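# Notes for the structure review
Letter by letter, the chains look like this.
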Amino acid sequence: MDATIKSIRPGKPSDRQPESRPAELDPAEFLAAAVRADQPRPARAEAEAAVKTLLAYIGENTAREGLLDTPRRVVEAFDELYQGYHQCPAEVLDRTFGETAGYDDFVLVRDIEFTSQCEHHMMPFYGKAHIAYTPVERVVGLSKLARLTDIFARRLQTQEHMTAQIAAAIDEILKPRGVAVLIEAEHTCMSVRGVAKHGASTFTSRFTGMFRDNPAEQARFLSLVRGTTR
């Protein structure tokens, strides 16, 4: 994961006036944990029984030695893979720092590796997220952007939705002048099943504020992500 803070550069202002756009996501999606403490959930024994049923469905002998502990292991793996449901994005971005010496260019953290699970087939997709924001007076710790990515990645997802959630959380909580998010990923639901196109990459992006309204800032962000600007 590379953290990059670039110096201020003069740029041609956008000819377009900033647009007022309503929020496209319910704030509950990115401001709080997805699972409430009082939300009814099946017992662990019920979850393990469901795994055993699936093993029997594919034709396995659930009584054979190698599978005796598989239901328990699968449920434990689920607890790890989907821990993002119990984590709060707002808490991750809550602590900021004011010692910026008037810094007013954007901050970019690129190559944030992640693994998530496709909500359509419950198969992994994995890749890198690149996140930039232009702070107003205060900045957040760089590792917090990686933690935020992991919170949303460790839920059942679509790449498009995850991209929008990351951008919306930063925009709402930090209230910067703009946010840019680019995610590139390979989806195993496409590479190992179905059309089986190994190596195909999917790119999604989300821009708010100055990144949305100023094409020059979008281009600068993308050039830094690609490593074409030094």
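Residues numbered from 1 in each chain as written. Predicted model: local features only at pLDDT ≥ 70, side-chain atom pairs only at ≥ 80, totals over all residues. Heavy atoms only, no water.

### Structural notes on the packing of helix α2 (residues 44–57) against helix α3 (residues 70–81)
Between two packed helices, the angle of one axis relative to the other and the distance separating the axes together describe the packing. Where α2 meets α3, the closest approach of the two axes is 8 Å, and the angle between their N-to-C directions is 115 degrees. In terms of crossing hand, the pair formed by α2 and α3 is right-handed. For the pair formed by α2 and α3, the contact residues are Arg44, Ala47, Glu48, Val51, Lys52 and Leu55 on the first element and Thr70, Pro71, Arg72, Val74, Val75, Glu76 and Asp79 on the second. Its residues placed into classes, the contact of α2 with α3 shows six nonpolar, one polar and six charged. (Axes fitted to C-alpha atoms, helices over the stretch in contact; angles between N-to-C directions. Helix = DSSP H or I, 4+ residues; strand = E, 2+ residues; numbered from the N terminus. Left-handed = near helix turned anticlockwise from the far one by under 90°. Contact = heavy atoms within 4.5 Å. Nonpolar A, V, L, I, M, F, W, Y, C, P; charged D, E, K, R; others polar.)

### Notes on the UniProt feature "binding site: Zn(2+)" (unreviewed entry) in the protein chain
With numbering matched to this structure, UniProt assigns "binding site: Zn(2+)" (unreviewed entry) to Cys118, His121 and Cys189. A maximum C-alpha distance of 7.6 Å among these annotated residues, which run over 72 residues, shows that they cluster at one spot. As for its position among the elements, Cys118 is in strand β3 (residues 107–118). Looking at Cys118, the relative accessible area reads 6%, which means it is buried. (UniProt positions renumbered as here; feature names shortened; annotations may be inferred. Buried < 20%, exposed > 50% of the residue type's maximum accessible area, 1.4 Å probe, protein only.)

### Quick look at α3
Spanning twelve residues, α3 covers 16 Å between terminal C-alpha atoms, matching the ideal 16 Å at 1.5 Å per step. Taken together, the buried positions of α3 are occupied by Thr70, Pro71 and Val75. Here the buried residues of α3 occupy an arc of 135 degrees about the axis, which is enough to place them on one side. Buried positions along α3 lie against α2. (Expected span 1.5 Å × (residues − 1). Arc of directions from axis to C-beta.)

### As for helix α9 (residues 215–226)
With twelve residues, α9 should reach 16 Å at 1.5 Å per residue; the first-to-last C-alpha distance of 16 Å fits that figure. Listed as buried for α9 are Glu217, Arg220, Phe221, Ser223, Leu224 and Val225. Buried-residue contacts for α9 involve β3, β4 (124–134), β7 (178–187), β8 (202–208) and α8 (209–213). Positive phi shows up at Gly227, right after α9, with a value of about 75 degrees.

### Some points on the packing of helix α5 (residues 142–153) against helix α6 (residues 159–174)
Where α5 meets α6, the axes come as close as 10 Å, and the angle between the chain directions of the two elements is 135 degrees. The angle between the axes of α5 and α6 places the two elements in the oblique class. In terms of crossing hand, the pair formed by α5 and α6 is right-handed. Counting all contacts with α5, which are made through Leu145, Leu148, Thr149, Phe152 and Ala153, the residues of α6 involved are Met162, Gln165, Ile166, Ala169 and Ile170. (Parallel < 35°, antiparallel > 145°, perpendicular 65-115°, else oblique.)

### A short note on the pairing of β4
Among the eleven residues in β4, eight count as buried, and that is most of the element. By the bridge criterion, nine bridges tie β3 to β4 in an arrangement that is antiparallel. Within β4, the residue paired with Val107 across the bridge is Tyr133. The antiparallel pairing of β3 with β4 creates a hairpin that spans five residues between the two strands, and Met122 there sits at a positive phi of about 55 degrees. Summarising the sheet, β4 and β7 pair through ten bridges and their orientation is antiparallel. (Pairing = 2+ DSSP bridges.)

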